[in-house]
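Single-letter residue listing:
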Amino acid sequence: MASLELNDGSSKRVEEANDEGNLKKLDSGEIKRSDSEKKKKKNSKRVSYKMPKLACFCIKSESDGKGNFEMEVEDEFRRRNPTHLVIMVNGLIGSAQDWKFAATQLLKKYPDDIVVHCSESNSSMLTFDGVNAMGERLAEEVKSMVKRHPSAQKISFIAHSLGGLVARYAIAELYEQDITIEPSQVNGDCREAKFKGKIAGLEPINFITSATPHLGSWGHKQVPVFCGLYTMEKVAARTSWFLGKSGKHLFLTDGGNEKPPLLLQMASDTEDLKFISALRSFRRRVAYANARFDHLVGWSTSSLRRRNELPQLKKLSRDSKYPHIVNVETARTASPENEVPTELKVVNGGENVNMEEEMLKGLTRLSWERIDVSFSGSRQRFLAHNTIQVKGSWMNSDGADVIQHMVDNFLL
C-alpha cells in the first residue's frame, strides 16, 4: 500500500494493491484530493528552502538599560543550557540593534547551543573614543557576560566594520595562555607542555569580521569614496581628528616618539598585549568583504589581501544558494615557520615603514577564510557597507543570504 505523508504527520491512503499487484481504481474526488495534497507539499518545500522548518520556540530578548541586549531561546523551549557565547560588535556610530537580524538567524539555527550578546558598550558617539578605549570597554563587558552565563564553555566574536578592530583589541585584553602537561608522543615517560589560548577563560571558536578595515583607511584606495586620489586621501588623513581618536587610528596618524600607530602594533604581539596570539587561539578566522560598491572600506583592507592578490571580478561567479557570495577562499594551513611577529620599533611614527605591508605580513601569518561579496544588480548595492550586515531589515534586506552563509558555516 502506498501512502502520502501530510504536514500534520498523519497519512492518507491514495491507492491499494491486491495480492496480484493490481491497483484498485480511485474515484475522481480522491485523485483531485491527492493532486491538491501534492501541490501543497511542493509549496511547503519551496517555503522551507528559504526558511527551514523549526521546532516551536520563543526568542527572549533582554536589555540592561544601557543599550546592550542579549538574545536566547526561552528556557521552556530548549533542551539544555547554551554553552556557546556569541558576542556581536557594531561599527562606527552603530548600536546593538545593527546585529538584531543576524542574531535572530543564529538562534533559529542553533536554539539549544548559543546565547547571543549584542554589545553597545561602544555605541553612537562612543565609537569616536579610539580603538583601544573601545576595546577595553568591550573586554570588561565580555567578562561580565561570562559571569552571567556560568554554563558557557566557548566564545565567538562577530563584528562589523570598525567593530572588527575593536574586537581584535578586546580579545588581546582577554587572552590568557592555558598550559597543560601531556605525555610526549615520542616517549611516554617524558611530558611536554601544550599551550592553548583562551579568551576570558573560554575556548575561542569563531572570529568573524564583516567589511572591517583591518589595514586602516590610509592610502592605496582603502576608502573607495576618495577614488584613489592621493590629494583627497591626504586631506582626509589631516582631518581625521573629526572622527576623534578612532579617526586617527584608522588613518594611522597616531603614534610618535618611536611608537608605531596602534593598528601597526596590533599586527604583532607586544610586551603588554598578545594581539596575534589571541587571534591565533580561535579555531577559525573569517573575513567577509565587499568586492564592489562599498564606498567606506576597500576590498583589499577588508579581505586582508594585497591589491595584486585580489581575484579578477570577471572570473567571479555567484553561488546558487547564496546569490551575493561570489568567491570563497578556504583557510590555508599556516606555515610552521610563520612565527608570531614581535613588537615593531619605528622612528617618527612609522614614516619610513611600509605600514600596510607590515600589517599584512603580521595578520596573514594566520590562516583566514575569505568570503567575497558583491551586490551588483541589487537596488541596495550603493548601501553595500551596511547591506552586508543587514543593518536594517528593509533598507539592507538583500544581505540576508550573506548572513545565512555565515550562520550555516558557523562552528559550534
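In what follows, the structure referred to is the one given above.
These notes cover the structure that comes with them. (Residues numbered from 1 in each chain as written. Predicted model: local features only at pLDDT ≥ 70, side-chain atom pairs only at ≥ 80, totals over all residues. Heavy atoms only, no water.)

### A short note on the nonpolar core
Inference 1: Grouped together as the largest cluster of nonpolar side chains are 52 residues, with contacts concentrated most on Val 142, Phe 157 and Ile 199.
Inference 2: Setting aside chain neighbours within four positions, we find Phe 157 in contact with Ile 87, Val 142, Ala 167, Ile 171, Leu 174, Ile 199, Asn 206, Phe 207, Ile 208 and Phe 282.
Inference 3: If you look at the next biggest cluster of nonpolar residues, it comprises 32 residues, including Val 286, Ile 371, Val 390 and Val 407. (Core = buried A, V, L, I, M, F, W, Y, C linked by side-chain atoms within 4.5 Å. Buried < 20%, exposed > 50% of the residue type's maximum accessible area, 1.4 Å probe, protein only. Contact = heavy atoms within 4.5 Å.)

### A word on unusual backbone geometry
Inference 1: If you check the backbone angles, Leu 252 has positive phi at about 60 degrees while not being a glycine.
Inference 2: Summarising the element assignment, Leu 252 is placed in the loop between helix H6 (244–250) and helix H7 (262–265).
Inference 3: The class of Leu 252 is buried, set by a relative accessible area of 9%.
Inference 4: Look at Phe 293: it is not a glycine, yet its phi comes out positive at around 70 degrees.
Inference 5: Looking at the secondary structure, you find Phe 293 in the loop between strand E11 (284–290) and helix H9 (299–303).
Inference 6: Relative accessible area serves as the criterion here: at 18%, Phe 293 is assigned to the buried category. (Helix = DSSP H or I, 4+ residues; strand = E, 2+ residues; numbered from the N terminus.)

### Comments concerning the pairing of strand E7 (residues 154–160)
Inference 1: Within E7, six of the seven residues are buried, which leaves the element mostly enclosed by the surrounding structure.
Inference 2: Note: E7 against strand E10 (residues 203–210), six bridges, orientation parallel. What sits directly across from Phe 157, in E10, is Phe 207. (Pairing = 2+ DSSP bridges.)

### Some points on the side chain of Ser 121
Inference 1: Of note, Ser 121 is situated in the loop between strand E6 (114–118) and helix H3 (131–148).
Inference 2: Its relative accessible area of 15% is what places Ser 121 among the buried residues.
Inference 3: One polar contact links Ser 121 to Asn 122, side chain to side chain, over a distance of 3.4 Å.
Inference 4: A polar atom in the side chain of Ser 121 sits 2.5 Å from the side chain of Glu 141. (Polar contact = N/O pair within 3.5 Å; in protein donor to acceptor, adjacent residues only side chain to side chain.)

### Some points on the environment of Ser 119
Inference 1: Along the chain, the position of Ser 119 falls in the loop between E6 and H3.
Inference 2: On the basis of relative accessibility, which here comes to 2%, the residue Ser 119 falls in the buried class.
Inference 3: Residues Ser 119 and Ala 96, spaced 23 residues apart in sequence, show a C-alpha to C-alpha distance of 5.5 Å.
Inference 4: Of note is the side chain of Ser 119, whose polar atom sits 3.3 Å from the side chain of Ser 121.

### Describing helix H4 (residues 162–174)
Each turn of an α-helix holds 3.6 residues, which means side chains three or four residues apart point in the same direction.
Inference 1: Its 13 residues place the ends of H4 19 Å apart at the C-alpha level, agreeing with the 18 Å of an ideal helix rising 1.5 Å per residue.
Inference 2: Burial of H4 is extensive: 12 of the 13 residues sit out of reach of the surface. (Expected span 1.5 Å × (residues − 1).)

### A word on the environment of Asn 290
Inference 1: In this fold, Asn 290 is placed in strand E11.
Inference 2: Here the alpha-carbon distance between Asn 290 and Ala 211, two residues 79 residues apart in the chain, equals 6.5 Å.
Inference 3: With near-sequence residues (within four places) excluded, Asn 290 lies in contact with Ala 211, Trp 299, Ser 302, Val 373, Phe 375, Ala 384, His 385 and Ile 388.
Inference 4: Within the local environment of Asn 290, its side chain forms a polar contact with the backbone oxygen of Ala 384, the two atoms lying 3.1 Å apart.

### Let's talk about the pattern of salt bridges
Inference 1: Following the criterion strictly, the structure yields 12 salt bridges and no others.
Inference 2: For Arg 283, the salt bridge is made with Glu 203, and the minimal N-O distance between the two is 4.0 Å. Of this pair, Arg 283 sits in the loop between helix H8 (275–280) and E11 while Glu 203 sits in strand E10, and the two are 80 residues apart along the sequence.
Inference 3: With its nearest N and O atoms 3.8 Å apart, the salt bridge here joins Lys 321 to Asp 408. With Lys 321 in the loop between H9 and strand E12 (325–329) and Asp 408 in helix H12 (residues 400–408), this pair connects stretches of sequence that are 87 residues apart.
Inference 4: One salt-bridge network, in which partners are shared between bridges, spans Arg 305, Glu 329, Arg 370 and Asp 372. (Salt bridge = Lys/Arg side-chain N within 4 Å of Asp/Glu carboxyl O.)

Keep in mind that these numbers describe shape and distance, not what the molecule does.
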